[in-house]
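Inside the fold
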Amino acid sequence: MKLPPEFNAIASTENSPTSVIAKEDKFIGVQFHPEVAHTEYGKTIIDNFIHGICGCGSLWTPANFIEDTIKRLKNQIGSGKVICGLSGGVDSTVAAALVHRAVGDQLTCIFVDNGLMRLEEPERIKDTCTKYLKINLKYVDAADQFLSALENIVDPEEKRKIIGKEFIDVFEKTSLDLGQVDFLAQGTVYPDVIESQTEESGASAKIKTHHNVGGLPEKMKMQLVEPLRYLFKDEVREVGLALGLPDVMVFRQPFPGPGLAIRIIGEVTREKLDILRQVEWIIMDEVKDNNLYRELWQSFAVLTGTKSVGVVGDHRTYGYVVAVRAVTSNEAMTADWARIPYDILANISNRIANEVDGVNRIVYDITSKPPGTIEWE
């Protein structure tokens, strides 16, 4: 590696002779990620840089963030109308709560059932949001629209972009009943921005397009409002608690915006969705029954594109292979595969094989992030 002009290496490892580089005392660069939980002394490095080298104070608190964000939202939105795509996850929920604090009834939340959600999830989300948020909420059943758009699509990047486009289409059509709508609020967080390679993160390689960042159409009638764009998930949760949101919302395991579409390898069909919903229900039932829900960052299933031979009674079967995935993490930039006890894994496997038609083999994903991502697609 060739150093930039006037830079010198000030730290090295066995694998990298230029782990840390500097130009005088004004510019410092590192060849690793001190911000992620897996980097030893990473927090100390950041603290020393921010407080010792830059001389900054510790002014960020959830309360300060809420106060500053509400002021910014009022200035940005003014007297305009806002719609918010509410998925039931912590990001969109906290974003909606912040916008509502800022502009009140100028906000209408839209919950879209895209046909890609888990078993009974639309009903639970509607009930929870109605009970705790006290926000204008419109429910839209757009399952047929999304599934039709995804027909014959197998590439994961194309799936994400199609889903992003369909969401915008639904929001724009639904907003017609509200009169002039000027803004679309989203629960975009910083990992979405980083992995999607936007202008802000142009130095990083694109990992995958998030449907709410790089998956959005280039031309939209509404301006974006993204109050959480520079926060990580753990910070979002702190803000949610400071807003007074209940644990059932704040500590809900992350669920991807494209839903089960990116947990089905290959084309998304109603049959595959029905199978995956049953499998995920069993996994979540066992996770909650064994008090693992809060310990795990995410726990879910992937319906692989592979089939295998099996035996039921005296008969040969040829069914799908399901991958069970569970990880621990703090901010989703890195993650470890979860060491779930074998007896719990055995229960999950036995229940899936016995209760879900069309599945005859279950594997457990022991890949951390990196090298893998949390989701398969």
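What comes next concerns the included structure. (Residues numbered from 1 in each chain as written. Predicted model: local features only at pLDDT ≥ 70, side-chain atom pairs only at ≥ 80, totals over all residues. Heavy atoms only, no water.)

Examining helix H1 (residues 42-53)
Here is the rule: Numbered from the N terminus, helices here are DSSP runs of H or I no shorter than four residues, and strands are runs of E no shorter than two. Given the number of residues in a helix, its expected span is that number minus one, multiplied by 1.5 Å.
Here H1 is 12 residues long and its end C-alpha atoms lie 15 Å apart, about the 16 Å a rise of 1.5 Å per residue gives. Gly55 sits one or two positions beyond H1 and adopts a positive phi of about 70 degrees.

With respect to the packing of helix H3 (residues 90-103) against helix H8 (residues 233-242)
For clarity, the cut-off: Axis geometry follows a simple rule: fit a line to the C-alpha atoms, using only the stretch in contact for helices, then measure angles between N-to-C directions, giving values from 0 to 180 degrees. Note that the term roughly parallel is reserved for angles under 35 degrees, roughly antiparallel for angles over 145, roughly perpendicular for angles of 65 to 115, and oblique for everything else. In this scheme the crossing of two helices becomes right-handed for a clockwise turn of the near helix relative to the far one and left-handed for an anticlockwise turn of less than a right angle. When checking whether two residues touch, look at their non-hydrogen atoms; a contact exists if any pair is within 4.5 Å. In this classification, Asp, Glu, Lys and Arg are treated as charged, Ala, Val, Leu, Ile, Met, Phe, Trp, Tyr, Cys and Pro as nonpolar, and every other residue, Gly included, as polar.
As a packed pair, H3 and H8 sit with axes 10 Å apart at the nearest point and diverge in direction by 45 degrees. It follows from the interaxial angle that H3 and H8 lie oblique. Handedness of the H3/H8 crossing: left-handed. Seen from H3, the contacting residues are Val90, Asp91, Val94 and Leu98; seen from H8, they are Lys233, Val236, Arg237, Val239 and Gly240. A class-by-class count of the residues in the contact of H3 with H8 yields five nonpolar, one polar and three charged.

Notes on the sheet that holds strand S7 (residues 183-185)
Put simply, the test is: In this scheme, strands are said to pair when DSSP sees at least two bridges between them.
One open sheet holds the five strands; their spatial order is S6-S5-S4-S7-S8, and the pairing between them is parallel. Each of the sheet's edge strands pairs with one partner strand only, and the pair in question is strand S6 (137-141) and strand S8 (223-225). Taken pair by pair, the neighbouring strands of this sheet meet at an average axis angle of 30 degrees, ignoring direction. Pairing of strand S4 (residues 82-85) with S7, which is carried by three bridges, proceeds in the parallel orientation. Looking at the pairing, Ile83 lines up with Leu184 of S7. Helix H6 (residues 156-175) contacts S4, strand S5 (107-113), S6 and S7 of the sheet and is inclined by roughly 130 degrees relative to S5.

Thoughts on the packing of aromatic side chains
Describing an aromatic ring pair means giving the distance of the ring centres and the angle of the ring planes. Note the following rule: When the centres of two rings from Phe, Tyr and Trp lie within 6.5 Å, Trp using its six-membered ring, the rings pair. Their planes under 30 degrees apart give stacked, over 60 give edge-to-face, and anything left gives tilted. Exposed residues in this analysis have more than 50% of their type's maximum accessible area, buried residues have under 20%, and partly exposed residues fall in between, with area computed by a 1.4 Å probe over protein chains only. As a reminder, the over-ring test applies to NZ of lysine and CZ of arginine, requiring each to be within 6 Å of the ring centre and within 35 degrees of the ring normal.
Inspection of every chain in the model, using the stated rule, returns seven aromatic pairs. Here the aromatic rings of Phe167 and Phe171 are separated by 5.9 Å at their centres, their planes lie at 25 degrees, and the arrangement is stacked. With Phe167 and Phe171 both in helix H6, this residue pair falls four residues apart, about one helical turn. The pair Phe167 / Phe171 is uniform in exposure class, with both members buried. These aromatic residues form a ring-pair network of at least three members: Phe146, Phe167 and Phe171. The cationic tip of Arg237 hangs over the ring face of Trp297; the distance from NZ or CZ to the ring centre is 5.0 Å. Across from the ring centre of Phe300, 3.9 Å away, lies the NZ or CZ of Arg263, which sits over that ring.

Looking at the environment of Ile10
By the secondary structure assignment, Ile10 is in strand S1 (residues 8-11). Note on Ile10: relative accessible area 54%, which makes it exposed. If we ignore the near neighbours within four places in the chain, the residues touching Ile10 are Val20, Ile21 and Ala22.

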